[in-house]
Structures are given as structure tokens and as C-alpha cells.
Amino acid sequence: NVYDDIVDIYDNFALERKDLLIALDPPRHYYVSGRVGCGTLFADEMENYVMGESDTDPLSLYNRSNERYLSRISNSYLTTYGNWVKKRDSYNKTDYWAPASADAISLMGLGDIISDPWNATAGVNRAIIDDSIELAVNLDEDHQAAMYGIGVNNIINLPGYGDTIFGQKTLLAKRSSFDRINVRRLFLWMEKTIARIAYRYAFQNNTPITRSRFKDR
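Residues numbered from 1 in each chain as written. Predicted model: local features only at pLDDT ≥ 70, side-chain atom pairs only at ≥ 80, totals over all residues. Heavy atoms only, no water.

Points about the overall build of the protein chain
Heads up, the condition is: Strands are runs of DSSP state E lasting at least two residues, helices are runs of H or I lasting at least four, and both sets are numbered from the N terminus onward. We call a residue buried when its accessible area falls under 20% of the maximum for its residue type, exposed when it is over 50%, and partly exposed in between, using a 1.4 Å probe and counting protein chains only. Every residue pair with non-hydrogen atoms within 4.5 Å of one another is taken to be in contact. Method for areas: the Shrake-Rupley scheme with a 1.4 Å probe, in which residue coverage is limited to the protein chains shown.
Scanning the protein chain for helices and strands turns up six helices and nine strands. For the protein chain, the residues scored as buried account for 43% of the 217 residues in total. Across the protein chain, every contact between residues at least 6 apart in sequence was considered, and the portion connecting residues at least 24 apart equals 60%. Counting only carbon and sulfur atoms, one obtains 51% of the accessible surface of the protein chain, whose full area is about 12600 Å².

Considering the packing of aromatic side chains
The condition is simple: When the centres of two rings from Phe, Tyr and Trp lie within 6.5 Å, Trp using its six-membered ring, the rings pair. Their planes under 30 degrees apart give stacked, over 60 give edge-to-face, and anything left gives tilted. For a ring to carry a charge above it, either NZ of a lysine or CZ of an arginine must fall within 6 Å of the ring centroid while also lying within 35 degrees of the normal to the ring plane.
Taken as a whole, this structure holds two aromatic pairs when the rule is applied. With a centroid separation of 5.1 Å and an interplanar angle of 70°, the aromatic rings of Trp118 and Trp189 are classed as edge-to-face. Remark: Trp189 occurs in helix α5 (residues 181-198) and Trp118 occurs in the loop between α3 (101-114) and β7 (134-135); sequence separation between them is 71 residues. Given the relative accessible area of 40%, Trp189 is considered partly exposed. Measuring from centroid to centroid gives 5.0 Å for Phe178 and Phe187, while their planes differ by 70°, and the two rings are edge-to-face. Classification of Phe178 by relative accessible area gives partly exposed; the value is 24%. Given the relative accessible area of 31%, Phe187 is considered partly exposed. Over the ring of Tyr148 we find Lys169; its NZ or CZ atom is 4.7 Å from the centre of that ring.

What about a nonpolar patch on the surface?
Operational definition: Two joining distances apply to patches: 9 Å for like charges and 5 Å for nonpolar side chains (Val, Leu, Ile, Met, Phe, Trp, Tyr), and every residue must have over 30% relative accessible area and no salt bridge. A carboxyl oxygen of Asp or Glu within 4 Å of a side-chain nitrogen of Lys or Arg is what we treat as a salt bridge.
Together, Trp118, Phe187, Trp189, Met190, Ile194 and Phe214 make up a nonpolar patch on the protein surface, roughly 520 Å² of accessible area in all. Of the residues forming the nonpolar patch, the biggest block, four residues, is contributed by α5.

Structural notes on the confidence of the model for the protein chain
Counted only if it meets this: What pLDDT expresses is the predictor's confidence in each residue, scored from 0 to 100.
Per-residue pLDDT for the protein chain averages 84, and the proportion of residues at 70 or more is 84%. When mean pLDDT is taken per element in the protein chain, strand β9 (residues 162-166) scores highest with 96 and strand β3 (residues 40-41) scores lowest with 49. Contacts for the low-pLDDT stretch residues 35-49, under 50 throughout, to residues beyond four places or in other chains number 37 contacts.

Right under this line is the structure:
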């Protein structure tokens, strides 16, 4: 389908470049039904089914054999966040639903300014979505664990704090340090920093002094 085709494009693009992190939007219909206005919350129907046992709840949709786009990916330059967030359009005075991926990337940027890229953008210290009105779906702890187990980073409501990113996995399928976003971002930062420093020594004589100066940088 079209969504799978788009994911494949980003997957190949990220593997070709290897100098960026892409946050994939979760499919809207996994969390919010309808196309007009705000749509209908699947959370409104929570009492009518048990999460993971319905054809329409997010966990089941991720696991359906014909929609398991995540199962085809193993890429530490990709990540995804499992929820949609209701926000307020103050100009048009209406509410709208947005994928949480945009919030995740903006919080990473903020974290880079006030902290360092190797600190995880997750939890109440660095990953509260301040402008969230509500989440499309609130999963219990068992289903949070199930979603995290398939590589989907949870967005949950924490009483006293608000709607918060609570996960930092990449979409790397195998067990590795690079299945964590902060590790991948640390190495992206290191590679770019080393490349920038190396330009200073282009065309310099390859001597012990030059190499020592490079290492000291």
C-alpha cells in the first residue's frame, strides 16, 4: 500500500545517507478514525474491546499480517512514536490531531540546545509535550510493553506531569547499542564533529605533529 511504499523510501534514503535520524509518523487510522475535523478517538471505544484483541486497536493493527510494515525494517536511522496528539489551532480556533513524531523531533532539537544529543529524549525531564490537549489512546502498562517490544515508542499520560514520550528505540531489529536513539544520535554527532575538524588538516603533511594536533582537537 501507499504507506508501506513511503516507509520503504525513507528506509532506503536513511540507509544511503547514514547521517540523520528520521521519525516515521504512525498511521493515523491506527489511532484516530475519520477524515473530517478532529475525527473520532479510538480511546472513546476503549470500553468496547480489550486492547490487543480487537481488529481496530493500535496493537492489533501493528500486528496484522498485511500491515506489519515494521517487521520489514531493521534500521537504526529510523524511529517511530505510537500515538497521535490533540492540539489547539489558536488562529482558526479549532482542535486537530497530529502525529507525535513532530513533537519528538522538536524536543530533540530543544534538548540539543540546553543539553547534549546523547541524552535520551524520553521521560519527564526532557520529553513532556507541553501543548498536548490529550492523547488519542492511553495504553495500560502491559500494552505499552507490547508496543515497545515491536519498536514503537510510547507516548503516555503521566499524572502530575502530562503527556510524555516514554521510549527511545530505533527501528533496528537486532539487539545492539544502536537500537537506542541516544546512542545513534551520539555517533551522528561524533561523525559530523570529526569530519568538521578534519577539514582543518586537509592537505597538511602527514606527520606526527599533524596527527597529534588532530587528536588534541
